[in-house]
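# Descriptive analysis of the structure
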Amino acid sequence: MRPAADKLKLTLLLVILMCPMPLAWSMWYWQWGIPQQQVANGQILPEIDNIQDWPTVSPIFQQTTRSWYLIFRCQPLIPDCQLRDEMWRLHRALGRDAARVQRWYLLSENTEDPIAGRFLGEQVALLYSAVTAEDMGGYMIWLADPNGEVVVSYGGKILIDDVFDDLRYLLRRNPAPPQWQANGINTGSETQITRRNQTKTFKQ
């Protein structure tokens, strides 16, 4: 009986040792159970021009500041835009990192600038009147790195908590160098954003 028991144990051991291979293959093939290293809840690395090239009357991009950009627009013909208040609260919730982010509110050129009712820290950029929502890709919120590259954009149903999580993640993964914190100097750091098997690095 002993040889039979030993053979059974050997068979079980071989099965245990061989299981990981077909299991790993099935996880890869059907894409289940794979931990996703994912930054964004929105559209990652959208095909959108650098904000330096956006059709605004005055430029948004400011190379000397080395800031990140939180840019948003409201639905047209809505006099009381709740998104402005939500973006202000999101910006304030960043704490010490809030100083690293510029918050820009996009308006059409023929829209009155709400300077009297502007939220604290809010900057306004006027789009040329010929620009439509389709020209902006149908998005409502954009996150851009210090080089002006749009790394995440949001459209459709937007959860502000998701935008906050993404922006905070990007700031933590790309900390401001001590030299920049002290003097605002560009030190050649990099911006990294990862989506499953896709990694893109922006030189700063």
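Residues numbered from 1 in each chain as written. Predicted model: local features only at pLDDT ≥ 70, side-chain atom pairs only at ≥ 80, totals over all residues. Heavy atoms only, no water.

What follows covers the sheet that holds strand β5 (residues 139-144). Reading across the sheet, the six strands line up as β1-β6-β5-β2-β3-β4 and stay open at both edges, with mixed pairing between neighbours. Of all strands in the sheet, those bounded by a partner on one side alone are β1 (43-44) and β4 (122-127). As judged from the four bridges shared by strand β2 (residues 68-73) and β5, these two strands associate in the antiparallel manner. Among the inter-strand pairings, Tyr 69 is bridged to a residue of β5, identified as Ala 144. In the packing of helix α3 (residues 82-93) onto the sheet, contacts are made with β2, β3 (101-108), β4 and β5, and the angle to β2 comes to roughly 165 degrees. (Pairing = 2+ DSSP bridges. Helix = DSSP H or I, 4+ residues; strand = E, 2+ residues; numbered from the N terminus. Contact = heavy atoms within 4.5 Å. Axes fitted to C-alpha atoms, helices over the stretch in contact; angles between N-to-C directions.)

This part covers the state of the cysteines. One pass over the structure, following the stated rule, counts one disulfide. Each sulfur of the disulfide joining Cys 74 and Cys 81 lies 1.7 Å from the other. On the sign convention where negative means left-handed, the S-S torsion of about -85 degrees between Cys 74 and Cys 81 marks this disulfide as left-handed. Across the pair, Cys 81 and Cys 74 agree in class, each one buried. (Disulfide = S-S within 2.5 Å. Buried < 20%, exposed > 50% of the residue type's maximum accessible area, 1.4 Å probe, protein only.)

Across all of its chains, the model carries four salt bridges by this definition. Residue Asp 85 is joined to Arg 89 by a salt bridge in which the shortest nitrogen-to-oxygen separation is 2.8 Å. Pair noted here: Asp 85 and Arg 89 are both in helix α3, with a separation of four residues, about one helical turn. Classification of Arg 89 by relative accessible area gives partly exposed; the value is 44%. (Salt bridge = Lys/Arg side-chain N within 4 Å of Asp/Glu carboxyl O.)

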